[in-house]
There are 2 protein chains.
Amino acid sequence: MARLTRKETQEQTRARLVETAKDLFLASGYNATSLGQVAEAAGYSKGAVYSNFATKHELGLAVLEAVQRERIAAVVTLLVGADTFEDKLAAFGRWAETNIGDVGWTALEVEFATSTRHIEEVRAALADRRRRVTTALAELLHEQAETFGITLPAPAEDVATHLLALGIGLGVQRAFDPELQVTVLLDALAELAANNKAPQAG
Amino acid sequence: MARLTRKETQEQTRARLVETAKDLFLASGYNATSLGQVAEAAGYSKGAVYSNFATKHELGLAVLEAVQRERIAAVVTLLVGADTFEDKLAAFGRWAETNIGDVGWTALEVEFATSTRHIEEVRAALADRRRRVTTALAELLHEQAETFGITLPAPAEDVATHLLALGIGLGVQRAFDPELQVTVLLDALAELAANNKAPQAG
DNA sequence: GTCTATAAATCGATAGAC
DNA sequence: GTCTATCGATTTATAGAC
């Protein structure tokens, strides 16, 4: 282990700040968490935070990025681990059951997005990311549909938009009403699988 | 016009506060709007606000109630005004096109819900309202389906949950990305109409 | 680049006069 | 019930030492 360079220590503090900010944001929400709390919990001072992030929403944006990286990684791992379409569906179901809404990921993302929607810089970044995520999901759907000979009921981009909106809508509501079940999302996916029946018939 | 009783003037003040709070919340968001701004814009003092609402989130809850009343009234008017199913669908399409996300209703509701999700009192109220809205929508769907001989693809309650989540998800995303189209929601509705084909066949 | 210290402003909420 | 005045806590953000 060589001594860290200046650049490396800086990136380390940045990473630590993002990590603890993520925990606090998830636990108490974006608005209810102050930068002072983040600094203290991470073992730094408030000034340290501001030398790494110009504003609070810049830190928030970094946290969202980290969260989304984790989310994507988790789903990809899950999909890769399952072979058949039914297995993938079941695996995704288990993931959705425990992760959508309850953990607070969706709630945090949506709280941040709606609370900072008037800051043009943030708004643009979120819009950009939304499009990238939608496109990525569309490609994944297209790919999986081809692999399993499924005919999508609509353009992959539309199906992706539909599923994403559904997940967000369910997650948001589940954040304040745990009674809400996410079976609806699974049903939507199952419907996609139903088109499996007549693959290369015509 | 008789002189207003004490109770009436109080309700008038309350109504005025809610109205201007609604405007400010819609324009700038819940978190970004202070009670002082609301009081000043309404022509009252901060103390006047606090003699009508114990906390900020109590005012927020009242605003949400007013907003939702308007929303429901608008949709009902729209549905009553159209006779055939296709007309209703088209009318709802026009409403969705200009109202979902863009106006900020959904964004405000979701911002408030996610920002106050840790205040148990608010959380419970929102959860309660969510269930009432879902049930009402389910009843409306059931009613309309019967009228037009449509077989719903799933229990009305599930379809209602699905559509509601879809609307919320689309509205939220549209709040920071106007490029997003809501055609997906209309497609989902059109799919319901597609089940029109075999009504009393079996 | 991180620290301490603090500015500067604002917030939600309260007290007491009327 | 509404006012003025203000509390007290907290916020984001900055200045300057190291």
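About the cut-offs
- Residues numbered from 1 in each chain as written.
- Chains lettered and ligands numbered in written order.
- Predicted model: local features only at pLDDT ≥ 70, side-chain atom pairs only at ≥ 80, totals over all residues.
- Heavy atoms only, no water.
- Buried < 20%, exposed > 50% of the residue type's maximum accessible area, 1.4 Å probe, protein only.
- Helix = DSSP H or I, 4+ residues; strand = E, 2+ residues; numbered from the N terminus.
- Arc of directions from axis to C-beta.
- Near = heavy atom within 4 Å.
- Polar contact = N/O pair within 3.5 Å; in protein donor to acceptor, adjacent residues only side chain to side chain.
- Domains from an automatic or database assignment.
- Contact = heavy atoms within 4.5 Å.
- Buried area = accessible area lost by both parts, 1.4 Å probe.
- Salt bridge = Lys/Arg side-chain N within 4 Å of Asp/Glu carboxyl O.
- 1 Å grid on protein atoms, 1.4 Å probe; cavity = no way out; pocket = protein on both sides within 12 Å on 5 of 7 lines; lining within 4 Å.
- Points joined across faces, edges and corners; volume = space filled by probe spheres on them.
- Nonpolar A, V, L, I, M, F, W, Y, C, P; charged D, E, K, R; others polar.
- Axes fitted to C-alpha atoms, helices over the stretch in contact; angles between N-to-C directions.
- Parallel < 35°, antiparallel > 145°, perpendicular 65-115°, else oblique.
- Left-handed = near helix turned anticlockwise from the far one by under 90°.

Novice: Any chance you could explain helix 2 (residues 35–42) of chain A here in plain terms?
Specialist: Each turn of an α-helix holds 3.6 residues, which means side chains three or four residues apart point in the same direction. Residue and element names in this part refer to chain A. Along helix 2, the positions that sit buried rather than exposed are Leu35, Val38, Ala39 and Ala42. Down the axis of helix 2, the buried side of the element spans an arc of 95°, and every buried residue falls inside it. Every exposed residue of helix 2 that faces more than 90 degrees away from the buried side is listed here: Glu40 and Ala41. Taken from the residues just after helix 2, Gly43 is the one with a positive phi, measuring 85°.

Novice: Mind showing me how you'd approach the protein's contact with DNA strand C here?
Specialist: Around DNA strand C there are 17 residues in total, and Thr13, Ser45 and Ala48 of chain A together with Lys46 and Tyr50 of chain B lie nearest to it. Here a phosphate oxygen of DNA strand C and a side-chain polar atom of Gln10 of chain A are 3.0 Å apart. Backbone polar atom of Leu35 of chain B to a phosphate oxygen of DNA strand C: 3.0 Å apart, as the coordinates give it. For the surface near DNA strand C, the secondary structure elements donating two or more residues are helix 1 (6–28) and helix 3 (46–50) of chain A together with helix 3 (46–50) of chain B.

Novice: Is there a simple way to think about the domain arrangement of chain A in this case?
Specialist: Think of interface size as the accessible area that goes away when the parts come together; that is how it is often given. Residue and element names in this part refer to chain A. Along its sequence, chain A is organised into domain 1 (1–53) and domain 2 (67–194). The gap between the C-alpha centroids of domain 1 and domain 2 is 28 Å. Each partner contributes residues to the interface: domain 1 has 6 residues there, and domain 2 has 10 residues. When domain 1 packs against domain 2, close to 660 Å² is buried across both sides, 62% of that on carbon and sulfur atoms. Interface area lost by domain 1 to domain 2 is led by Lys22, Leu26 and Tyr30, which between them contribute 74%. Across the domain 1-domain 2 interface, the total number found is 1 salt bridge.

Novice: I keep staring at the pattern of salt bridges and nothing clicks. Help me out?
Specialist: A side chain of one charge can pair with a side chain of the opposite charge when the charged atoms of the two come close. Residues and elements named next belong to chain A. Scanning all chains against the criterion turns up 22 salt bridges over all chains. Ionic pairing is found between Lys22 and Glu70, a salt bridge with its closest N-O pair at 2.7 Å. With Lys22 in helix 1 and Glu70 in helix 4 (residues 56–81), this residue pair connects regions lying 48 residues apart in the sequence. When its relative accessible area of 34% is taken as the criterion, Glu70 is described as partly exposed.

Novice: Would you mind going over the layout of surface pockets with me for this structure?
Specialist: It is the rolling of a water-molecule-sized probe over the atoms that shows where space remains empty. Put simply, the largest pocket is a space of about 1,300 Å³. If you go around the largest pocket, you meet 44 residues; those closest to its centre are Val75, Phe92, Val133, Leu137 and Leu164 of chain B. If you list the elements that add at least two residues to the lining of the largest pocket, you get helix 8 (156–176) of chain A together with helix 4 (56–81), helix 5 (85–99), helix 6 (105–115), helix 7 (120–147), helix 8 (156–176) and helix 9 (183–194) of chain B. At 13 residues, the largest contribution of residues to the lining of the largest pocket is made by helix 7 of chain B. For the lining of the largest pocket, the class distribution of residues is 29 nonpolar, 5 polar and 10 charged. The volume enclosed by the second largest pocket comes to roughly 1,200 Å³. Every residue lining the second largest pocket is counted, 39 residues in all, and those nearest its centre are Val75, Phe92, Val133, Leu137 and Leu164 of chain A. Sort the elements by how many residues they give to the lining of the second largest pocket and helix 7 (residues 120–147) of chain A lands first, with 10 residues. Of the residues contributing to the lining of the second largest pocket, the split by class is 29 nonpolar, 5 polar and 5 charged.

Novice: Explain the packing of helix 8 of chain A against helix 9 (residues 183–194) of chain A to me, please; I cannot follow it from the model alone.
Specialist: Packed helices, taken two at a time, are described by the angle between their axes plus the distance between the axes. Residues and elements named next belong to chain A. Contact geometry of helix 8 with helix 9 gives a least axis separation of 10 Å together with a crossing angle of 165°. Accordingly, the angle class assigned to the pair helix 8 and helix 9 is roughly antiparallel. Considering only the axes of helix 8 and helix 9, their crossing is left-handed. When helix 8 is examined against helix 9, the residues Val159, Leu163, Leu166 and Leu170 are found in contact with a partner set consisting of Val184, Leu185, Ala188, Leu189 and Leu192.

Novice: So what exactly am I meant to see when it comes to the interface of chain B and chain A here?
Specialist: Counting residues at the interface gives 41 residues for chain B, matched by 39 residues for chain A. Roughly 3,400 Å² is buried in total at the junction of chain B and chain A, and carbon and sulfur atoms are behind 60% of that figure. Among the residues of chain B in contact with chain A, Arg117, Arg130 and Phe176 of chain B are the three that bury the most area, contributing 20% of the side total. Remark: the boundary between chain B and chain A carries 8 salt bridges. When the shortest N-O distance is used, the salt bridge between Asp177 of chain B and Arg131 of chain A registers 2.7 Å. Here chain B is connected to chain A by 15 residue pairs in polar contact (both at pLDDT 80 or more). Elements supplying a minimum of two residues to the side of chain B that touches chain A: helix 1 (6–28), helix 6, helix 7, helix 8 and helix 9 of chain B. For the side of chain B that touches chain A, the element with the highest residue contribution is helix 8 of chain B, accounting for 13 residues.

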